[in-house]
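A structural walkthrough
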Amino acid sequence: MNIAFVIQRYGTEVLGGAEHLCRLVAERLAPQHSVDVLTTCARDYVTWKNEYPEGADRIRGVTVRRFANSGTRDIEAFNRYSEWIYNNPHSPADEMEWLKQQGPWCPGLVEYMRRHHQQYDVLVFFTYLYAPTVLGLEISPSRSVLVPTAHDEPAIRLEIFKDVFKRPAALLFNTESEKRFVHETFGERPLLEDVIGVGVDIPQHQPYPRMPAPPPDEEADAGEDAASRSPGADEEPAAREFASHLVQRGSVFRRRHRLHGPIALYGGRIDPGKGCEELIEYFSSYVRDGGDATLALMGVKLMSLPEEPFIRFAGLLSDRERDQALEAATVVVAPSPYESLSLLALEAFAVGTPVLANARSDVLVEHCVNSNAGLYYADRDEFVECLKLMVGDAALRAAMGRNGRDYVRRNYRWDVVLGKYERVFSKVRSAAR
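Predicted, not measured: the structure shown is a model, and the values here were computed from it. (Residues numbered from 1 in each chain as written. Predicted model: local features only at pLDDT ≥ 70, side-chain atom pairs only at ≥ 80, totals over all residues. Heavy atoms only, no water.)

Here the focus is the layout of surface pockets. Here the second largest pocket is characterised by a volume of approximately 480 Å³. Residue lining of the second largest pocket: 21 residues in total, with Leu24, Val200, Asp201, Asp323 and Glu347 positioned closest to the centre. Among the secondary structure elements, those contributing two or more residues to the lining of the second largest pocket are α1 (17–29), α12 (319–328) and α13 (343–350). Of the residues belonging to the lining of the second largest pocket, the class tally is 8 nonpolar, 2 polar and 11 charged. (1 Å grid on protein atoms, 1.4 Å probe; cavity = no way out; pocket = protein on both sides within 12 Å on 5 of 7 lines; lining within 4 Å. Points joined across faces, edges and corners; volume = space filled by probe spheres on them. Helix = DSSP H or I, 4+ residues; strand = E, 2+ residues; numbered from the N terminus. Nonpolar A, V, L, I, M, F, W, Y, C, P; charged D, E, K, R; others polar.)

Right under this line is the structure:
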C-alpha cells in the first residue's frame, strides 16, 4: 500500500507530541508499505523558519519530502489577531487569514498533493490545526484519514474546522477522552472512527535504586576506577556491587547531571503553553514547604528558568538518554492542561515510574484513573501534597510502577495499534475504489 503522512514538521530532532507520534507510526509501517511523509522545511513551530533543505530525504526507511514555507510567523502579531478573532464576530475570510498567519503556510506542499495525490492509497493527516491539514483535506477526502490530536482550546471553535472534522473518510483518536470531546464539539463526522493511540515499548525490567543516597567523598575515584577497568577477583564483594550499581538503569543520567535524592522529571517543550510556568511555581511552593526533591526538565527551552538549586535543566536528550532520565526519575510530572494522548505519561508508565498529572487535562486524568499509576492535581496545594506523598512512600511508588507497566502492556502494544491502522486503511482504500 502507498501511504502518505501529512504533518507540519518532521524529523528526529523535532519535538512535539503530534510530530513524534506521526514519526513513530510512519517508521513502524515502513517495513510493510511504501511510506512517504509530506512536510515543511521547518524545525521550530514558533517561527516556521525553513531550516531543513527542500527535497526528498530518506529517514529510517521513510521517504520524507520537504517543501519550503513562504514566510515566517510574527508570533506577537498572530497572538493579537487570535485574541481578536476569538472574541469578535468575523467572516470566513478572517479565519483563512488567521490560518495563514498561524502558519506554516506552504503552497508547494499543497500543490504537490494536488498533483500527486492519486499515487497514494491513503493520505493520513496528523493534527487538525494547521494549514497543510485544512487545505490538504479538500484534495482527496475519500482517501483521507485524520488523526486530529484534538483537545479543548479556543481555535477548535472556529467555523473553519467544522469542515476539517466532517471531510475525511475516517477519524482516528488517541484516547476515549479525545473521542468524547470531538463528539460533543462536532455533530457532522465520518462514519468510520476508531480509538487507536500509539504503541509504547516496555523495556526489560531491571530493579535499581531510584533515590540513591548522596555519594561518599570517594565516589569520583570509584567511578573513574570502574570506568577504566572491570572489577577483578582481588576486589571485595562490596566494591564489585558498587561498580555494578554505576551501570544500573537511570544511574547514568543521575551521574551525568549530578542529581542525588528524589527527582521530579518533566520532558518536552519547556514552554508556558505546556504548563511549565505553573509547574515551576508549584514546585517552588513544594520546596518552601519542606520538600527535598529536584525538578529536572529535559527538552527544548522556550522560556527562561529561575536560577534555583532545586531546578536543573538537562537539555535536549537523545532517545536513549531520555529513557535513562525516565528510569531515574522518582516521579514524572505531566503539567500540560492540553493533551490528546501524552506520550510522556505513557513512556513513564512503561519504565515503571509513577506520574503526577494536571487534572485540567481529561486525557491525563483518564490515564491515571484507568492505570492506577498516577495522581492528579487541580491546584497548588494538591500538587504539593501529592508530590510529598509520592516522594515519601516507596511502597506506593512501587505499586504504581507495576500498575503503569501493566497498563501499557494491556493497551499500547504496537501489534494491536498497527493492526488497527491497517484495518482502517484497507476500508478506506476499498471504499475509494
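So, on to the packing of aromatic side chains. In the structure shown here, the tally under the stated rule is 18 aromatic pairs. On the basis of an interplanar angle of 85° and a centroid distance of 5.8 Å, the ring pair of Phe349 and Tyr407 is categorised as edge-to-face. Separated by 58 residues along the polypeptide, Phe349 in helix α13 and Tyr407 in helix α16 (residues 394–411) bring together distant segments of the chain. Exposure remark for Tyr407: the relative accessible area of 3% places this residue in the buried category. Between Tyr377 and Phe383, the aromatic rings sit 5.0 Å apart at their centres with planes inclined by 85°, giving edge-to-face as the arrangement. Note on Phe383: relative accessible area 0%, which makes it buried. Here the aromatic residues Phe78, Tyr86, Trp98, Tyr128, Phe161, Phe165 and Phe186 are joined through ring pairs into a cluster of three or more. Cation over ring: Arg66 sits above Tyr52, and NZ or CZ is 3.8 Å from the ring centre. Residue placement shows Lys301 over the ring face of Phe313; its charged tip is 4.8 Å from the ring centre. (Phe/Tyr/Trp six-rings, centres within 6.5 Å; stacked < 30°, edge-to-face > 60°. Buried < 20%, exposed > 50% of the residue type's maximum accessible area, 1.4 Å probe, protein only. Lys NZ or Arg CZ within 6 Å of the ring centre and 35° of its normal.)

Moving on, we come to the packing of helix α7 (residues 176–185) against helix α14 (residues 362–371). It is the contact of α7 with α14, at a shortest axis distance of 8 Å, that shows an interaxial angle of 145°. Crossing handedness for the pair α7 and α14: right-handed. Only Asp362, Val363 and Glu366 of α14 make contact with α7, whose side of the interface consists of Glu176, Ser177, Glu178 and Arg180. Class assignment of the residues belonging to the contact of α7 with α14 gives a composition of 1 nonpolar, 1 polar and 5 charged. (Axes fitted to C-alpha atoms, helices over the stretch in contact; angles between N-to-C directions. Left-handed = near helix turned anticlockwise from the far one by under 90°. Contact = heavy atoms within 4.5 Å.)

So, about the side chain of Asp271. Inspection of the secondary structure assignment puts Asp271 in the loop between β9 (263–267) and α11 (276–288). Within the buried core, Asp271 has no salt-bridge partner, and the shortest N-O distance to an opposite charge, that of Arg269, equals 4.0 Å. Only 2.9 Å separates the side chain of Asp271 from the backbone nitrogen of Gly273, close enough to count as a polar contact. (Lys, Arg positive; Asp, Glu negative; His and termini not counted. Salt bridge = Lys/Arg side-chain N within 4 Å of Asp/Glu carboxyl O. Polar contact = N/O pair within 3.5 Å; in protein donor to acceptor, adjacent residues only side chain to side chain.)

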